Amino acid sequence: MSDAHPETTHPEGWSYDTTAVQSSIPRGLGQTIGFPIHAAAAFQFDTLEEAQSEFQLNSGLSYARLQNPTVRALEDRITALEGGSATVAVASGQAATLTTILSVCRAGDHVVSASSLFGGTTGMLNNILPLMGITATLVENTADAVQAAMQENTRLVWAEMISNPAGDVADIRVFADIAHEWGALLAIDNTCGGVGFLCRPLEHGADIVTQSLTKWAGGHGSVLGGAVTVGAGHNLTRNPVYTDGGDSSILNVRGDAALAWRQRWFGAHQLGMTLAPHSAFLIAQGLETLALRLSRESETALGLARWLDSHPKVGKVSYPGLAGHPHHHLAQRYLRRGAGAVMTFEVPDPSAFLARVRVLRIAPNLGDVRTLVVHPWTTTHGRVPETARYAAGVTPTTIRMSVGVEALEDLKADIEQAL
Ligand SMILES: *Cc1c(COP(=O)(O)O)cnc(C)c1O
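What counts, and where the lines are drawn
- Residues numbered from 1 in each chain as written.
- Predicted model: local features only at pLDDT ≥ 70, side-chain atom pairs only at ≥ 80, totals over all residues.
- Heavy atoms only, no water.
- Domains from an automatic or database assignment.
- Contact = heavy atoms within 4.5 Å.
- Buried area = accessible area lost by both parts, 1.4 Å probe.
- Salt bridge = Lys/Arg side-chain N within 4 Å of Asp/Glu carboxyl O.
- Helix = DSSP H or I, 4+ residues; strand = E, 2+ residues; numbered from the N terminus.
- Buried < 20%, exposed > 50% of the residue type's maximum accessible area, 1.4 Å probe, protein only.
- 1 Å grid on protein atoms, 1.4 Å probe; cavity = no way out; pocket = protein on both sides within 12 Å on 5 of 7 lines; lining within 4 Å.
- Points joined across faces, edges and corners; volume = space filled by probe spheres on them.
- Pairing = 2+ DSSP bridges.
- Phe/Tyr/Trp six-rings, centres within 6.5 Å; stacked < 30°, edge-to-face > 60°.
- Lys NZ or Arg CZ within 6 Å of the ring centre and 35° of its normal.
- Expected span 1.5 Å × (residues − 1).
- Polar contact = N/O pair within 3.5 Å; in protein donor to acceptor, adjacent residues only side chain to side chain.
- Axes fitted to C-alpha atoms, helices over the stretch in contact; angles between N-to-C directions.
- Core = buried A, V, L, I, M, F, W, Y, C linked by side-chain atoms within 4.5 Å.

### Details of the domain arrangement of the protein
Item 1. As assigned here, the protein comprises domain 1 (16-278) and domain 2 (291-418).
Item 2. For domain 1 and domain 2, the distance between their C-alpha centres works out to 27 Å.
Item 3. Across the boundary between the two partners, domain 1 contributes 36 residues, which contact 38 residues of domain 2.
Item 4. Between domain 1 and domain 2 lies a buried interface of about 2900 Å² when both sides are counted; carbon and sulfur atoms form 63% of it.
Item 5. In this assembly, domain 1 and domain 2 are joined by one salt bridge.

Take a look at the structure:
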């Protein structure tokens, strides 16, 4: 794990940490130091011709469901932090998931996904997308399983960078090769990868990065948001959504920008899952300290995971930073600044444990500055079929913990007394 942070796509050549606080804020007399909030539903034109041109091109400002300067500044910052070519910010992580899938799939198409997934994603793949004629096969988080599930009509392979809650780490390079061989794209949910801080999946062959900004980006449990970022160089020539229509096909008309265009078209223009400017402001502010928070949280999480792992009252501990985790080697390959802030552990009596915590707080969120715990079996994964719950690493005695920025010793003492 390197602290050098050499990779960057910021035009100034800035590192991750500098990009997070400096990008998208213009310099100059009287400019605000942070992002200004443009509380606007619509923007003015001087002439009929200007309005007409904007409605044809959709490249500037007209109506805030399509584009807002505050949201745009956040999108540009996320693009730089993920090393992508374009981002559309939307109202939640769920909205980002839906936008991603609809950007490459239509009725009759198929998605292959690793089954170690956030419950909402499982629900969308199993219950919502079939209503639109899009089917999904959920498989074990391994190359062999993904390969075996691929079909002629598979347009998308999906996995979480670090799965919530089991801590599986996607073998991005290998999944990308499989997807591309079948003419499909690889989308990685990088929520637990922290907006490119722990890992930038686009640099390892992923075509799309999707994430919930509610978690580490916001960082304070105060705002919902999501984002879809596309990389350069993805190949859509085998996807009929893009190639149907000959000369007037989306690919022909939009070229390299086709995928990003369709994501904005669906996520914002047509489905209206637009991010509000006030939310964009809060998320942009959160992003400025993400590097500090997540490096500290990862360090504390590793300390806690090691301690819990040897605790006589604690059962299985699942954290990819532990040498015993089945995906530890993938964590070492892909996660360069720590293994993240999320772990699960088994306690004898989850109800009694949660009733006694005094520092830890019971809440269904991740990436908060405060350490949050839940009992996934009865909450986040409560509606997921039982077999899928076990596949996602959730058992009746599992506690999920998202480690915050509190002192390691205080967290240990609280867990000790609650056990
Ligand atoms: C929370 C979460 C989502 C959904 O995000 P929301 O902002 O709650 O809609 C998607 N993926 C992962 C991995 C998550 O943790």
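Additional details are given in the paragraphs that follow.
### A look at the pattern of salt bridges
Item 1. Counting across every chain of the model gives 10 salt bridges.
Item 2. One salt bridge in this structure joins Asp171 and Arg333, with 3.4 Å as the shortest N-O distance. Residue Asp171 is found in the loop between strand S4 (154-160) and helix H7 (172-181), and its partner Arg333 is found in helix H12 (residues 328-334); the two are separated by 162 residues along the sequence.
Item 3. Judged by relative accessible area, Asp171 falls into the buried class, the value being 14%.
Item 4. Arg333 gets classed as partly exposed once you look at its relative accessible area, which sits at 47%.

### Regarding the side chain of Ser113
Item 1. On the secondary structure map, Ser113 appears in strand S2 (residues 110-114).
Item 2. In contact with Ser113, other than residues within four places in its own chain, are Leu125, Thr137, Leu138, Val139 and Trp158.

### Points about the layout of surface pockets
Item 1. Taken as a whole, the largest pocket encloses approximately 450 Å³ of empty space.
Item 2. The wall of the largest pocket is formed by 22 residues, among which Arg72, Ala86, Ala260, Trp261 and Arg264 lie closest to the centre.
Item 3. Those elements that provide at least two residues to the lining of the largest pocket are helix H2 (48-57), helix H3 (69-82), strand S1 (86-90) and helix H10 (258-270).

### Focus: the sheet that holds strand S9 (residues 342-346)
Item 1. One open sheet accounts for five strands, arranged S8-S9-S12-S11-S10; its pairing is mixed. Each having just a single partner strand, strand S8 (317-318) and strand S10 (361-362) make up the two edges of the open sheet.

### With respect to the pairing of S9
Item 1. Taken across its five residues, S9 has five buried, putting it largely inside the fold.
Item 2. The two faces of S9 match: Val342, Thr344 and Glu346 on one face and Met343 and Phe345 on the other face are all buried.
Item 3. In terms of strand pairing, S8 meets S9 through two bridges, oriented antiparallel. Paired with Val317 across the bridge in S9 is Phe345.

### Focus: the packing of aromatic side chains
Item 1. For the structure on display, the rule yields four aromatic pairs.
Item 2. On the numbers, 5.3 Å between centres and 65° between planes, the contact of Trp377 with Tyr390 is edge-to-face. Highlighted residues: Trp377 in the loop between strand S11 (372-374) and helix H14 (386-391) and Tyr390 in helix H14, separated in sequence by 13 residues.
Item 3. Judged by relative accessible area, Tyr390 falls into the partly exposed class, the value being 44%.
Item 4. Over the aromatic face of Phe118 sits the side chain of Lys215, whose NZ or CZ is 5.0 Å from the ring centroid.

### Considering helix H4 (residues 93-104)
Item 1. Here H4 spans 17 Å end to end across 12 residues, near enough to the 16 Å set by a 1.5 Å rise per residue.
Item 2. Counting buried positions over the 12 residues of H4 gives 11, a clear majority of the element.
Item 3. The N-capping residue of H4, defined by a side-chain oxygen 3.4 Å from the backbone nitrogen of Gln94, is Ser92.

### What to know about the sheet that holds strand S6 (residues 208-212)
Item 1. Strand order in this open sheet of seven strands is S1-S7-S6-S5-S4-S2-S3, and the pairing throughout is mixed. Among the strands making up the open sheet, the edge pair consists of S1 and strand S3 (135-139). Ignoring which end each strand starts from, the neighbouring axes of this sheet average 20° apart.
Item 2. On top of the sheet, H7 reaches S4 and strand S5 (185-189); it is set at about 145° to S5, its chief contact.

### Observations concerning the nonpolar core
Item 1. Formed by 84 residues in total, the largest nonpolar core has its most connected members in Leu74, Met343, Phe345, Phe353 and Met401.
Item 2. Here this core spans two domains, and each of domain 1 (16-278) and domain 2 (291-418) adds at least three residues to it.
Item 3. Not counting residues up to four positions away in its chain, the partners in contact with Met343 are Ala301, Leu304, Ala305, Leu308, Ser318, Tyr319, Ile399, Arg400, Met401 and Val403.

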